[in-house]
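Chains, contacts and geometry: an overview
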Amino acid sequence: QVQLVESGGGLVQPGGSLRLSCVASGSIFTLGAMGWYRQAPGKERELVATVTNGGSTNYADSVKGRFTISRDNAKKTVDLQMNSLKPEDTAVYYCNANRRVPPMYSYWGQGTQVTVSS
């Protein structure tokens, strides 16, 4: 019902910045909270940041003060501004969207690679 398309990944030097974007299409009226997750090689997928329809945000401790999540409710887009990037931020970043009405379900984007290296 919902398709998530991500963009903005790439190679950046430590201390640099990237902005990831996710555009949702389809039955967007069913969506509630959206967010970003990441998965490094050999590691489990972990939450990076989420934002609710009301604008409440939540961040992983490792990115607080460096990353900012935002959304456009009309367009159903969610962005992740990443500043002061560190090598440990290297991962595949996935956009996530959750239904706010039954049946409860989560959607995932295809993932975009972020590599922080000098």
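The text that follows walks through the structure, step by step, so that each part is easy to find. (Residues numbered from 1 in each chain as written. Predicted model: local features only at pLDDT ≥ 70, side-chain atom pairs only at ≥ 80, totals over all residues. Heavy atoms only, no water.)

**A short note on the packing of aromatic side chains**
- One pass over the full model with this rule turns up two aromatic pairs.
- Each ring, one from Y37 and one from W108, has its centre 5.0 Å from the other, and the planes form 70°; the classification is edge-to-face. Here W108 lies in strand 10 (residues 106-108) and Y37 lies in strand 4 (residues 31-39), a separation of 71 residues in the sequence.
- The class for Y37 is buried, based on a relative accessible area of 19%.
- Owing to a relative accessible area of 38%, W108 belongs among the partly exposed residues under this scheme.
- Here R45 stacks its cationic end above the ring of Y94, 3.8 Å away from the centre of that ring. (Phe/Tyr/Trp six-rings, centres within 6.5 Å; stacked < 30°, edge-to-face > 60°. Helix = DSSP H or I, 4+ residues; strand = E, 2+ residues; numbered from the N terminus. Buried < 20%, exposed > 50% of the residue type's maximum accessible area, 1.4 Å probe, protein only. Lys NZ or Arg CZ within 6 Å of the ring centre and 35° of its normal.)

**Some details on the side chain of S27**
- In this fold, S27 is placed in the loop between strand 3 (18-26) and strand 4.
- Taking relative accessible area as the criterion, S27 reaches 18% and is therefore assigned buried.
- When neighbours within four sequence positions are excluded, S27 is seen to be in contact with Q1 and V2. (Contact = heavy atoms within 4.5 Å.)

**Description of the state of the cysteines**
- Under the defined criterion, the tally for this structure stands at one disulfide.
- Linked covalently through their sulfurs, C22 and C95 form a disulfide whose S-S length is 2.0 Å. When the S-S torsion is -85°, as for the bridge of C22 with C95, the disulfide is left-handed. Here C95 lies in strand 9 (residues 91-99) and C22 lies in strand 3, a separation of 73 residues in the sequence.
- Overall, the relative accessible area of 0% leaves C22 in the buried class. (Disulfide = S-S within 2.5 Å.)

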